[in-house]
Amino acid sequence: MRHRIAVVGGGPAGLTFARVLHRHDHPVTILERDPAPDARPPGGTLDLHEGLGQLALEKAGLLAEFQALSRPEGQAMRILDTAGTVLRDWRPDPDDRANPEIDRGQLRDLLLGPLDVRWGRGVTKVVPGTRDGVLVYFADGGQETFDLVVGADGAWSRIRPAVSSVTPHYTGVTAMETSLDDVDARHPHLARLIGDGSLAVYGMNRSLVAQRNSGGHVKVYARFRAPLDWHTNLDLADAEAVRSSLLALYDGWAAPVLDLLHGTAFVHRPLYVLPVTHTWTHVFGVTLLGDAAHLMPPLGVGANLAMLEGAELAETIATGPEDLDKAVRAFEEQMWVRAGRWAKITTAGLERLVSPDPAEALAHFDQVQPS
Ligand SMILES: Cc1cc2nc3c(=O)[nH]c(=O)nc-3n(C[C@H](O)[C@H](O)[C@H](O)COP(=O)(O)OP(=O)(O)OC[C@H]3O[C@@H](n4cnc5c(N)ncnc54)[C@H](O)[C@@H]3O)c2cc1C
């Protein structure tokens, strides 16, 4: 029997879920709020881990295409102190494929492939338990009913309230994101400083991280501990004003490091998380994937987990028990355990990486990075 399944959100979780169902010839309706795939800048690079994001791509039959697109050299990681001294300069072996990087836009296009997404279909809420199934309400006033609605709509999920009353809370760490284009030609000194992968500089309660994307594009994240209203007297749309404010915050750091803040626009990203353990009493016809289920500090696993969950739920539905609800329940139990483990690790990681003692950040790096 073919169930009426909808996934809300066309991010890494929702697209992987849909792509694996598609591989098993199982129909799925993909509802995405954005009006088009390129309606927003896709964001920075993602490293996909062998046992997580890459496993999901294998389940989707896309691993070989990923390997052709991804950048293994992007795994390189350099750590500096605030004076600009190189403390660690880790480079992968030429055949190391453990965590290669891929631009988010490339990953999205890879997953999209033949999928038929309903763009511009923002969902406002779902009501489970109606006579005909789960009722989905759209922002344009429309309604539709499904047997299963999968909420893969990210941090501020509109599906989550159907299963849980929990909302994300602020971690106390904010990120200001900027970017540099054509870095090899226009900022060769920064290109050399960053190398092939990522650069991180850790100071007291602050860090600066630069990540090379493809095509000479670099994303820079200034992360610091601050109250949520730290920018009350600052116009966040005024790049010069934001830069001055950040330069004051990073006062005393080496000039070449501060040159990373020369982007022309800044995006404000206060870091929110869900509780480390986020479970719920199972609700017939509704479940969550990815950030909607377990938003955690952005330390390199969120998209990986989102994708693996999407792939696993799709496989369970396509090949598992006839009873759809039983399949979803089994999936949830498995997701909660793994996500809880990673939420604990990333929460502790954020504490160490944006810490009063920069030595903690270096110790963290030495623990997680193969030498
Ligand atoms: C700066 C930064 C760097 C990161 N780096 C990494 C990394 O290197 N590796 C890694 O694994 N993770 C990383 N992450 C985490 C990763 O981005 C997320 O965990 C991942 O994107 C979650 O995927 P998702 O599909 O669950 O949600 P999202 O990526 O948030 O996708 C949700 C989708 O749902 C859509 N949507 C939202 N609301 C609605 C609605 N009401 N109706 C319909 N559609 C809706 C959105 O438009 C979006 O397309 C990083 C995060 C940040 C902020």
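Look up a bit, the structure's there.
A short tour of the structure in this document, coming up. (Residues numbered from 1 in each chain as written. Predicted model: local features only at pLDDT ≥ 70, side-chain atom pairs only at ≥ 80, totals over all residues. Heavy atoms only, no water.)

This part takes up the nonpolar core. Core analysis: the biggest nonpolar cluster contains 65 residues, and Phe17 and Leu57 have the highest contact counts within it. Sort the elements by how many residues they give to this core and helix H10 (residues 302-319) lands first, with 9 residues. Setting aside chain neighbours within four positions, we find phenylalanine 17 in contact with Ile5, Val7, Val28, Val150, Leu289, Gly310, Leu313, Ala314 and Ile317. Core analysis: the second largest hydrophobic core is formed by 30 residues, Leu190, Leu199, Val201 and Val218 among them. (Core = buried A, V, L, I, M, F, W, Y, C linked by side-chain atoms within 4.5 Å. Buried < 20%, exposed > 50% of the residue type's maximum accessible area, 1.4 Å probe, protein only. Helix = DSSP H or I, 4+ residues; strand = E, 2+ residues; numbered from the N terminus. Contact = heavy atoms within 4.5 Å.)

The next subject is the site of the ligand. Taken together, 32 residues are adjacent to the ligand, and Glu32, Arg104, Val123, Asp291 and Ala303 come closest. Here a nitrogen atom of the ligand and a backbone polar atom of valine 123 are 2.9 Å apart. One nitrogen or oxygen atom from the main chain of glycine 302 is found 3.3 Å from an oxygen atom belonging to the ligand. Computed on the free molecule, the ligand has an accessible area of 1,000 Å², of which 86% lies beneath the protein chains in the complex. Those elements that place two or more of their residues in the shell around the ligand are helix H1 (12-23), strand E3 (45-47) and H10. Among the elements that make up the shell around the ligand, the one with the highest residue count is H10 (4 residues). (Near = heavy atom within 4 Å. Polar contact = N/O pair within 3.5 Å; in protein donor to acceptor, adjacent residues only side chain to side chain. Areas by Shrake-Rupley, 256 points an atom, 1.4 Å probe, with all protein chains shown as cover.)

Our focus in this paragraph is the sheet that holds strand E2 (residues 29-31). With parallel pairing, the 5 strands of this open sheet are ordered in space as E7-E2-E1-E11-E17. A strand with exactly one partner marks an edge of an open sheet, and here the two such strands are strand E7 (117-118) and strand E17 (286-288). Sheet analysis places strand E1 (residues 5-8) next to E2, joined by 3 bridges and oriented parallel. Residue pairing for E2: valine 8 is matched across the bridge by leucine 31. Lying over the sheet, H1 contacts E1, E2, E7 and strand E11 (148-151), oriented at roughly 155° with respect to E1. Running over the sheet, helix H11 (residues 324-353) touches E11 and E17 and is turned about 25° from E17. (Pairing = 2+ DSSP bridges. Axes fitted to C-alpha atoms, helices over the stretch in contact; angles between N-to-C directions.)

What is shown is where atoms sit, not what they do.
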